[in-house]
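Spelled out, the chains give:
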Amino acid sequence: MYGWIWRHLPGNAWVRALLSIVLVLAVVYVLFQYVFPWAEPLLPFNDVTVDGQ
């Protein structure tokens, strides 16, 4: 998959590396802004079973 992305990016190696970094940052941004907030209520991290005494 990464090879396919690398082959389809335009430019020489430096331009491809820069575009790859931009793509990774865009994916991280989308994950933190949209995907993780949507999935957070579905995850059981706040379901604590220990009672405080």
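The rules we used
Residues numbered from 1 in each chain as written. Predicted model: local features only at pLDDT ≥ 70, side-chain atom pairs only at ≥ 80, totals over all residues. Heavy atoms only, no water. 1 Å grid on protein atoms, 1.4 Å probe; cavity = no way out; pocket = protein on both sides within 12 Å on 5 of 7 lines; lining within 4 Å. Points joined across faces, edges and corners; volume = space filled by probe spheres on them. Nonpolar A, V, L, I, M, F, W, Y, C, P; charged D, E, K, R; others polar. Helix = DSSP H or I, 4+ residues; strand = E, 2+ residues; numbered from the N terminus. Expected span 1.5 Å × (residues − 1). Bend = angle between axes of the 7 residues up to and from the residue. Polar contact = N/O pair within 3.5 Å; in protein donor to acceptor, adjacent residues only side chain to side chain. Phe/Tyr/Trp six-rings, centres within 6.5 Å; stacked < 30°, edge-to-face > 60°.

Student: When you look at the layout of surface pockets in this model, what are you seeing that I'm missing?
Tutor: Any empty space left between atoms is shown by rolling a water-sized probe over those atoms. Reported here for the largest pocket is a volume of approximately 150 Å³. As for the largest pocket, its lining consists of Met1, Tyr2, Ile5, Trp6, Leu9, Ser20, Leu23, Val24 and Val27. When the residues that make up the lining of the largest pocket are grouped by side-chain class, the tally is 8 nonpolar, 1 polar and no charged.

Student: Could you clarify how one ought to interpret helix α2 (residues 13-39) in this entry?
Tutor: Owing to its 3.6 residues per turn, the α-helix aligns residues three or four sequence positions apart on the same side. End to end, α2 covers 36 Å across 27 residues, agreeing with the expected 39 Å (1.5 Å per residue, within 8%). Where α2 bends most, at Leu31, the angle is about 40°. The residue sitting at the N-terminus of α2 and contributing the capping side-chain oxygen is Asn12; that oxygen lies 3.3 Å from the backbone nitrogen of Trp14.

Student: Where do I start with the packing of aromatic side chains in this structure?
Tutor: Given two aromatic rings, one states the distance between the centres and the angle between the planes to describe the pair. Evaluated as defined, the whole model comprises 1 aromatic pair. Centroid distance Phe32 to Phe36: 5.1 Å. Interplanar angle 90°. Geometry classified as edge-to-face. Of this pair, Phe32 and Phe36 both sit in helix α2, 4 residues apart, which is roughly one turn of that helix.

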